[in-house]
Amino acid sequence: MFLMNYSGNSLLRTNNMTKKALNVGLAVSFGLFSSLATAGFEVVALGVDGGVTDGNLTSYLIRDDSQPLYLALDAGSVLPGIAKALEKGNFPDITDEMAAPLTRQGYIFRQRINSYFISHAHLDHVSGLIIGSPEDSKKTIYASADTIDVLRNYYFNWRVWPNFTDSGSGTRLGTYRMQLVRPAQSLSLGLTRLTGEMYPLSHDKSPSSMLLVSSNNNVFAYFGDTGPDEIEKSKNLDTVWRKLAEKVKQQQLKGMIIEVSYPNAASDSKLYGHMTPKWLLKELKNLEKYSGEGQPLTGLPVVISHIKPSLQQGQDVRQTIATELQAGNDMGVNFILMEQGDRQQF
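Everything quoted here is computed from the prediction, not taken from an experiment. Chains are numbered independently. Their residues run from 1 in the order of the written sequence. In keeping with the model being predicted, local features are shown solely for residues with a pLDDT of at least 70 and side-chain atom pairs are shown and tallied solely at 80 or more, while totals for entire chains, interfaces and linings include all residues. Note that water and hydrogens are dropped before the side-chain values are worked out from all heavy atoms of the structure.

Trainee: Any chance you could explain the overall build of the protein chain here in plain terms?
Mentor: The numbering of helices and of strands both runs from the N terminus, where a helix is a DSSP run of H or I of at least 4 residues and a strand a run of E of at least 2. The number of helices and strands found in the protein chain is ten helices and 14 strands. With 346 residues in all, the protein chain has 58% of them scored as buried. Here, two residues are considered to be in contact whenever any of their heavy atoms come within 4.5 Å of each other. Once local pairs closer than 6 in sequence are excluded, the contacts in the protein chain between residues at least 24 apart make up 65%. Only the protein chains shown count as cover for residues, and all accessible areas are computed by the Shrake-Rupley method using a 1.4 Å probe. Total accessible area computed for the protein chain in this model is approximately 14,200 Å², and 50% of it derives from carbon and sulfur atoms. Only protein chains enter the accessibility calculation, which uses a 1.4 Å probe; a residue is then buried when its area is under 20% of its type maximum, exposed when over 50%, and partly exposed in between.

Trainee: It is not clear to me how the environment of Gly273 should be interpreted in this structure. Could you clarify?
Mentor: With respect to the secondary-structure elements, Gly273 resides in the loop between β11 (253-259) and α9 (277-291). Each C-alpha atom of the pair Gly273 and Asp225 lies 7.2 Å from the other, and the pair is 48 residues apart in sequence. If we ignore the near neighbours within four places in the chain, the residues touching Gly273 are His203, Asp204, Asp225, Thr226, Gly227, Glu232 and Glu259.

Trainee: Please explain the sheet that holds β11 as it appears in this structure.
Mentor: Strand pairing in a sheet relies on backbone hydrogen bonds. The paired strands run either parallel or antiparallel. Read from one edge to the other, the open sheet built from seven strands follows the order β7-β8-β9-β10-β11-β12-β13, with strand pairing classed as mixed. Looking along the sheet, the strands with just one partner apiece sit at the ends: β7 (187-189) and β13 (334-336). Pairs of neighbouring strands in the sheet enclose a mean axial angle of 30°, with direction left out of account. As paired elements, β11 and strand β12 (residues 301-305) share four bridges and run parallel to each other. Each residue of the ladder has a partner; that of Glu259, found in β12, is Ser305. Each axis is a line fitted through C-alpha atoms, and for a helix only the stretch in contact is used; angles between axes span 0 to 180 degrees, taken between their N-to-C directions. Against the sheet, helix α8 (residues 236-249) makes contact with β8 (194-203), β9 (206-215), β10 (218-223) and β11, and its axis sits at roughly 150° relative to β8, the strand it touches most. Pairing between two strands is assigned when DSSP locates at least 2 bridges connecting them.

Trainee: Even after reading the chapter, I still don't get unusual backbone geometry, so can you show me in this structure?
Mentor: The general pattern is negative phi for most residues beyond glycine and trans for most peptide bonds. In this structure, Pro101 follows Ala100 across a cis peptide bond, with omega equal to 5°. Mapped onto the secondary structure, Pro101 falls in the loop between α3 (96-99) and α4 (104-112). The phi dihedral of Val52 is positive, around 70°, even though this residue is not glycine. Within the element layout of this structure, Val52 appears in the loop between β1 (41-47) and β2 (59-64). With a phi close to 50°, Asn216 is a non-glycine residue in the positive phi region.

Trainee: Is there a simple way to explain the sheet that holds strand β5 (residues 139-143) in this structure?
Mentor: Ordered in space as β6-β5-β4-β3-β2-β1-β14, the seven strands form an open sheet in which the pairing is mixed. In this open sheet, the two edge strands, each paired with only one partner strand, are β6 (176-180) and β14 (343-345). Here the strands of the sheet are splayed against their neighbours by 25° on average, with no regard to which way each runs. Of the pairings in the sheet, the one linking β5 to β6 comprises five bridges and is parallel in character. From the neighbouring strand, Ile141 faces β6, where its bridge partner is Met178. Running over the sheet, α4 touches β2, β3 (70-73), β4 (113-117) and β5 and is turned about 65° from β4.

Trainee: Help me out: how do you make sense of the pairing of β11 in this one?
Mentor: Moving residue by residue along a regular strand, the side chains alternate between the two faces of the sheet. Counted residue by residue, β11 has seven buried out of seven residues, so it is predominantly covered. For the handedness criterion, the strands are oriented away from the viewer, and a crossover whose path from the first strand over the helix to the second runs clockwise is classed as right-handed. For the crossover that starts at β11, traverses α9 and ends in the parallel β12, the hand is right-handed.

Trainee: Explain the pattern of salt bridges to me, please; I cannot follow it from the model alone.
Mentor: Once their charged atoms are close, side chains differing in charge can pair, the charge on each being opposite to the other. Definition used for salt bridges: Asp or Glu carboxyl oxygen within 4 Å of a side-chain nitrogen of Lys or Arg. In the structure shown here, the tally under the stated rule is 13 salt bridges. Between Lys282 and Glu230 there is a salt bridge whose closest N-O contact spans 2.7 Å. Of the two residues, Lys282 is situated in helix α9 and Glu230 in helix α7 (residues 229-232); the sequence distance between them amounts to 52 residues. Given the relative accessible area of 46%, Glu230 is considered partly exposed. Two residues, Arg242 and Asp238, come together in a salt bridge whose shortest N-O distance is 2.9 Å. Of the two residues, Arg242 and Asp238 are both situated in helix α8; the distance of four residues between them amounts to about one turn of the helix. Among the charged side chains, a network of salt bridges with common partners joins Glu42, Arg63 and Arg343.

Trainee: Whenever I open this one, the packing of α8 against α9 confuses me. Can you help?
Mentor: Packed helices, taken two at a time, are described by their axes: the angle between them and the distance between them. As a packed pair, α8 and α9 sit with axes 8 Å apart at the nearest point and diverge in direction by 45°. Relative to α9, the element α8 lies oblique. Regarding α8 and α9, the two cross each other, and that crossing is right-handed. Only Glu283, Leu284, Asn286, Leu287, Tyr290 and Ser291 of α9 make contact with α8, whose side of the interface consists of Leu237, Asp238, Trp241, Arg242, Leu244, Ala245, Val248 and Lys249. Basically, the charged four are Asp, Glu, Lys and Arg, the nonpolar ten are Ala, Val, Leu, Ile, Met, Phe, Trp, Tyr, Cys and Pro, and anything else, Gly included, counts as polar. For the contact of α8 with α9, the residue count by class is eight nonpolar, two polar and four charged. Put simply, angles under 35 degrees are roughly parallel, angles over 145 are roughly antiparallel, angles from 65 to 115 are roughly perpendicular, and the rest are oblique. Here a crossing is taken to be left-handed if its near helix is turned anticlockwise relative to the far helix by less than a right angle, and right-handed if that turn runs clockwise.

Trainee: Before we go on, may I ask you to explain the environment of Val150 in this structure?
Mentor: Its place among the elements puts Val150 in helix α6 (residues 145-155). In sequence terms Val150 and Ala121 are 29 residues apart; their C-alpha atoms lie 6.4 Å from each other. Contacts of Val150, omitting those with residues within four sequence positions, involve Ala121 and Tyr155.

The following block contains the structure:
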């Protein structure tokens, strides 16, 4: 049965598909979900890769689709992603006249991004924030204690970069207010009218985190980098799945963004706190188990993030991961691979 807890959706089928057919399937999937679902959140992909390509690193914008202001979910690439989104015709409400004297890119960067959530302080999740900081407007950075410590002491320290925060060493320029987020503590996220709860994740023994974004009784889950519990010797994901299962049962979970960095061919010993398709499918089985009878995850949109590009000839890692995900997808999950600059409603 297709229509259970989620609005109708044609599942993405990738077995034996050509790259062209895969792209068509993704576009059809986007269209069907957008037209049939009651939208609650808008997501714009500013960066989708997990490394190497320094202009396309992990960063997403999210907003309640009735509100103008966005929360940035990580900030690996910010300004390049805004430029790509504008090229694709997104942010259609922002005109040159509205943006003046700024460019449209500058207006979105300074005025529409209201605050940042940083899942962890690895460079591919913060480099856009750091590089863009001299031209940014005053904003709040929401993060765990560990992440704030790294930002304060190892980036914004007047040795790597000027201190654009309100704490730490040297002259404090005060562009960014550092807001500590405690696990499972509900808090308002700037002026976005979104609220959030953070949950710890394990990323090769390094702290990472998931943010559960809420608005009008709808929720959306954003995962920073994470490895599977079995490899990480952790129960962090199990805790998250139990929390999200409550939202599935209440038909409130609109979707999630979660990483799959490598294809299944990657050795477990070389994952370094990341996922492959087989591990994500195994983890989602736990969410399914906790969510009730039947196929409670049918149609659930799961955006796959942080895919690490290959520099080897003839390797299309994105297609391989999409195919491997769908080959093991007996849960009816709707896997989505957003490209940089894409906009999607959930």
